[in-house]
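Residues per chain are reported as follows:
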Amino acid sequence: MRTDIAERRSILRFDKVKLVTEQGGGGETLDFELELFGGDLALINLERPRFGSILADACCGLHQTAAGSVFFLGKNWATLPSDTANALRGRIGRVFNLGNWINRMTLLENILLPQLHHTRRQYSELRDEAAQLAEDFGLPGLPTGYPDDVIRADHQRAACIRAFLGQPSLILLEEPTLGVYPEILPPLINAIRNACERGAAVIWLTLEDQVWNESLLPATYRFRLTARKLMEVMR
Amino acid sequence: MTESREMTIDRKPPVVGEEGAVGFAGAVGKWVIAQILGLIQFAAIAAAVVRQGLRPLTWRRTVRAEFMEQCHQIGVRALPFILIAGCIVGLGIVYQAIYWLRLFGQTEFTGPILVLILVREIAPLFVALIVIGRSGSVILMELGNMRIHGQLRMLDAQGIDPFLFLVIPRAAAVAVCMFSLTIAFILVALISGIIAGNVLGSMEFTLYDFVFSFLAEMSLAEFAIIHLKSVLIGIVVALISSITGFSIAGSRTDLLVALPRGITKSVLATLFISSMLTLLL
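Rules used throughout
Residues numbered from 1 in each chain as written. Chains lettered and ligands numbered in written order. Predicted model: local features only at pLDDT ≥ 70, side-chain atom pairs only at ≥ 80, totals over all residues. Heavy atoms only, no water. Helix = DSSP H or I, 4+ residues; strand = E, 2+ residues; numbered from the N terminus. Buried < 20%, exposed > 50% of the residue type's maximum accessible area, 1.4 Å probe, protein only. Contact = heavy atoms within 4.5 Å. Areas by Shrake-Rupley, 256 points an atom, 1.4 Å probe, with all protein chains shown as cover. Lys, Arg positive; Asp, Glu negative; His and termini not counted. Charge placed at Lys NZ, Arg CZ, Asp CG, Glu CD. Expected span 1.5 Å × (residues − 1). Polar contact = N/O pair within 3.5 Å; in protein donor to acceptor, adjacent residues only side chain to side chain. Axes fitted to C-alpha atoms, helices over the stretch in contact; angles between N-to-C directions. Parallel < 35°, antiparallel > 145°, perpendicular 65-115°, else oblique. Left-handed = near helix turned anticlockwise from the far one by under 90°. 1 Å grid on protein atoms, 1.4 Å probe; cavity = no way out; pocket = protein on both sides within 12 Å on 5 of 7 lines; lining within 4 Å. Points joined across faces, edges and corners; volume = space filled by probe spheres on them. Nonpolar A, V, L, I, M, F, W, Y, C, P; charged D, E, K, R; others polar. Pairing = 2+ DSSP bridges. Buried area = accessible area lost by both parts, 1.4 Å probe. Salt bridge = Lys/Arg side-chain N within 4 Å of Asp/Glu carboxyl O. pLDDT = per-residue confidence, 0-100. Patch = residues over 30% accessible without salt bridge, like charges linked within 9 Å, V, L, I, M, F, W, Y side chains within 5 Å.

Novice: Tell me about the overall build of chain B, residues and numbers included.
Specialist: Of regular secondary structure, chain B possesses ten helices and zero strands. Going residue by residue from the N terminus, the α and β elements of chain B occur as α-α-α-α-α-α-α-α-α-α. Each principal axis of the C-alpha atoms in chain B carries an extent, and together these give about 65 × 55 × 30 Å. Classification of the 281 residues of chain B by burial places 44% in the buried group. Intrachain contacts of chain B at a sequence separation of at least 6 include 85% that bridge at least 24 residues. Accessible area of chain B: about 13700 Å², with a carbon and sulfur share of 73%. When the 20 positive and 17 negative side-chain charges of chain B are each reduced to one mean point, those points stand 9 Å apart.

Novice: Could you give an account of helix 7 (residues 162-199) of chain B, naming the residues involved and the relevant values?
Specialist: Residues and elements named next belong to chain B. Compared with the 56 Å implied by 1.5 Å per residue over 38 residues, the 53 Å span of helix 7 between its first and last C-alpha is a close match. Across the 38 residues that make up helix 7, a large majority, 28, are buried. Its side-chain oxygen at 2.9 Å from the backbone nitrogen of phenylalanine 163, aspartate 161 defines the N-terminal cap of helix 7.

Novice: Give me the lowdown on the packing of helix 9 (residues 220-246) of chain B against helix 10 (residues 252-280) of chain B, citing residues and values where you can.
Specialist: Residue and element names in this part refer to chain B. At a minimum axis separation of 9 Å, helix 9 and helix 10 run at an interaxial angle of 160 degrees. Here helix 9 is positioned roughly antiparallel relative to helix 10, judged by the angle of their axes. You can see that helix 9 and helix 10 cross each other, and the crossing is right-handed. Contacts between helix 9 and helix 10 involve Ile225, Leu228, Lys229, Leu232, Ile233, Val236, Val237, Ile240, Ser241 and Thr244 on the former and, on the latter, Ala258, Arg261, Gly262, Lys265, Ser266, Ala269, Thr270, Ile273, Ser274, Leu277 and Thr278.

Novice: Could you give an account of unusual backbone geometry, with specific residues and numbers?
Specialist: Residues and elements named next belong to chain A. Of the consecutive residues tyrosine 181 and proline 182, the connecting peptide bond is found in the cis state with omega at 5 degrees. Tracing the chain through its elements places proline 182 in the loop between strand 7 (170-174) and helix 6 (185-197). Positioned with a positive phi, lysine 16 is a non-glycine residue whose angle comes to about 45 degrees. By secondary structure assignment, the location of lysine 16 is in strand 1 (residues 10-20). The phi angle at glutamine 167 is positive, at roughly 50 degrees, despite the residue not being glycine. Relative to the helices and strands, glutamine 167 is located in the loop between helix 5 (152-164) and strand 7.

Novice: Describe empty space enclosed by the protein, listing the residues and the values that go with them.
Specialist: Residues and elements named next belong to chain A. Counting across every chain of the model gives one cavity of 30 Å³ or more. Lining the largest cavity are 13 residues, with Ile92, Gly93, Arg94, Pro114 and Arg162 positioned closest to its centre. Taken together, the elements giving at least two residues each to the lining of the largest cavity come down to strand 6 (92-95), helix 3 (107-118) and helix 5. Sort the elements by how many residues they give to the lining of the largest cavity and strand 6 lands first, with three residues. Residue composition of the lining of the largest cavity, grouped by class: seven nonpolar, four polar and two charged.

Novice: Go over the sheet that holds strand 9 (residues 221-225) of chain A, please, and point to the residues and values.
Specialist: All names here are of chain A. Across the sheet, which stays open at both edges, the six strands sit in the order 6-7-8-3-9-10 with mixed pairing between neighbours. Each edge of the open sheet is held by one strand with a lone partner, namely strand 6 and strand 10 (230-232). Averaged over all pairs of adjacent strands, the angle between their axes in this sheet comes to 20 degrees, without regard to strand direction. By the bridge criterion, five bridges tie strand 7 to strand 8 (residues 201-206) in an arrangement that is parallel. Bridge pairing links leucine 173 to tryptophan 204 in strand 8. Of the strands in this sheet, strand 3 (41-46), strand 7 and strand 8 are in contact with helix 6, which crosses strand 8 at around 145 degrees.

Novice: Please provide a residue-by-residue account of the interface of chain B and chain A, values included.
Specialist: You'll often see interface size given as the accessible area lost when the parts meet. On the chain A side, the residues contacting the 24 residues of chain B number 29 residues. Note on chain B versus chain A: buried area summed over both sides is about 2100 Å², and carbon and sulfur give 50% of it. By the criterion of area lost to chain A, the three top residues of chain B are Arg61, Met154 and Gln158 of chain B, representing 28% of everything that side buries. Along the contact surface separating chain B from chain A lie four salt bridges. In this structure, the connection of chain B to chain A is made through 13 residue pairs in polar contact (both at pLDDT 80 or more). When the residues that make up the side of chain B that touches chain A are grouped by side-chain class, the tally is nine nonpolar, six polar and nine charged.

Novice: Lay out the confidence of the model for chain A with the relevant residues and their values.
Specialist: Taken over all residues, the pLDDT of chain A has a mean of 89, while the share at 70 or more is 94%. Across chain A, the element-wise mean pLDDT spans from 83 in strand 10 of chain A up to 96 in helix 3 of chain A.

Novice: Account for the confidence of the model for chain B, with residues named and values stated.
Specialist: All names here are of chain B. With 90% of its residues at a pLDDT of 70 or more, chain B shows a mean pLDDT of 85. In the model of chain B, helix 1 (residues 2-6) stands out as the element of lowest mean pLDDT, 44, in contrast to helix 3 (residues 61-76), which has the highest, 95. Below a pLDDT of 50 lies the segment residues 1-9, which in the model reaches 19 contacts outside its immediate sequence neighbourhood of four places, other chains included.

Novice: Could you give an account of the sheet that holds strand 5 (residues 75-76) of chain A, with specific residues and numbers?
Specialist: All names here are of chain A. A sheet is described by the order of its strands in space; here four strands give the open sequence 2-1-4-5, paired in antiparallel fashion. In this open sheet, the two edge strands, each paired with only one partner strand, are strand 2 (29-37) and strand 5. The pairing of strand 1 with strand 4 (residues 65-72) spans six bridges and is classified as antiparallel. Among the inter-strand pairings, arginine 13 is bridged to a residue of strand 4, identified as phenylalanine 71. In the packing of helix 1 (residues 49-59) onto the sheet, contacts are made with strand 1, strand 2 and strand 4, and the angle to strand 1 comes to roughly 125 degrees.

Novice: Pulling in residues and values, what's your account of a nonpolar patch on the surface?
Specialist: Taken together, Trp31, Val32, Ile33, Ile36, Leu37 and Ile40 of chain B make up a surface patch of nonpolar side chains, about 540 Å² in accessible area. In this fold, isoleucine 40 of chain B is placed in helix 2 (residues 21-53).

Novice: Report on the side chain of serine 192 of chain B, specifying residues and quantitative values.
Specialist: Its location among the elements puts serine 192 of chain B in helix 7. Beyond its immediate chain neighbours, meaning those up to four positions away, serine 192 of chain B contacts Gly86, Cys87, Gly90 and Leu91 of chain B.

In structure tokens form, the structure reads like this:
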């Protein structure tokens, strides 16, 4: 899974980070010490569902840290101007656990939106890449329906297409197999393997024991996120 | 933008507490301060919209597409209602003006009176009320729903600033559509009034005379007032609707409470801007 050491670059680094679960103060404090390089897949088992979006938001520089700094591609989120931070977020692909889709836009429009916003790539080129990913993830074609008209399983496949579209440097997967386990596993593992081979890092967040215990997953690291800290689990 | 969305200001009306008059004065003071803070916050957001709207970098293809979509929703789809409203108002006001001025032998005032009433006052106000009811409420509900369902957070996480992607194209679209719809309203009102005047035989002058006297009364101030009123009202209505939608704390009930509040604020702001510009120009 790991690419050559010389080519590996730091994608994400949590430097002595403390995250408070309630942004206004109070709540639990989570300690993080983590560095992911290109080619890494970190599988994280969550003790509570809320921790997933807090960690994913912190990776995107959207959850303020109580202490320490989060670095993405060597840049500290806390010191970046908003334009630069937004441009960097365009290099993160994410399967969201909640609030996945803008309802008035079709799934295809939702999928293409981040790439159309952040890049100058041709629409047809993006559409072709999305069509290829749709085929890989087991959809009969591009999902052109509206989110309310599509079944949950197809939502999840479309979310995976969006997360992997445009070759992002970091891919955050919040419960990507929800409702589509285990059939989505082979294409998802393939997509992760391809992403890691080209130098991206992947974080897979899960609450499900069956995913956590899945032997097929080529995880570089396995962590448990408890109410106190992120702990590496040796296998 | 995230910070401004998080800001909540207590705008509850003053209530007489147990402390009596002092408590009441304190409550009034708090309420006034909250209103002033709200206005300052609104002015800051309006300034940010103008500043960001003038940056070429803001107008990426996704923002341009959103602007076009909003122009279609706010302008093109509202056009039939505006045309019908223009016809009705034209039949009423223009025909009445022509009829009564002819009756009193003052037909030379037809142009000035129509310019004064229709162009300066009625058209921008009427169109604004239609836009508030038809589009302002939709903007508020849409953005409020997006806030409730975590879609604003999702846009943020994708590096798409909701302020740039949602608020600026809406503010620009409402401003452009308000202006276009006001012009359409004035044209239709005048045409329907002239037709009514001719059909009912109350016109003593030709169509050419009418148009000429109308245009002769249109000074630079009148042109400026149509532009300023419609554009300013459009931006303010879009901002009030957007800010109210963004400020919804979390449930659908909050949305239902915010909707009439947003509409009321928009109507009051429209009346205020309209009267202020009339006084100034």
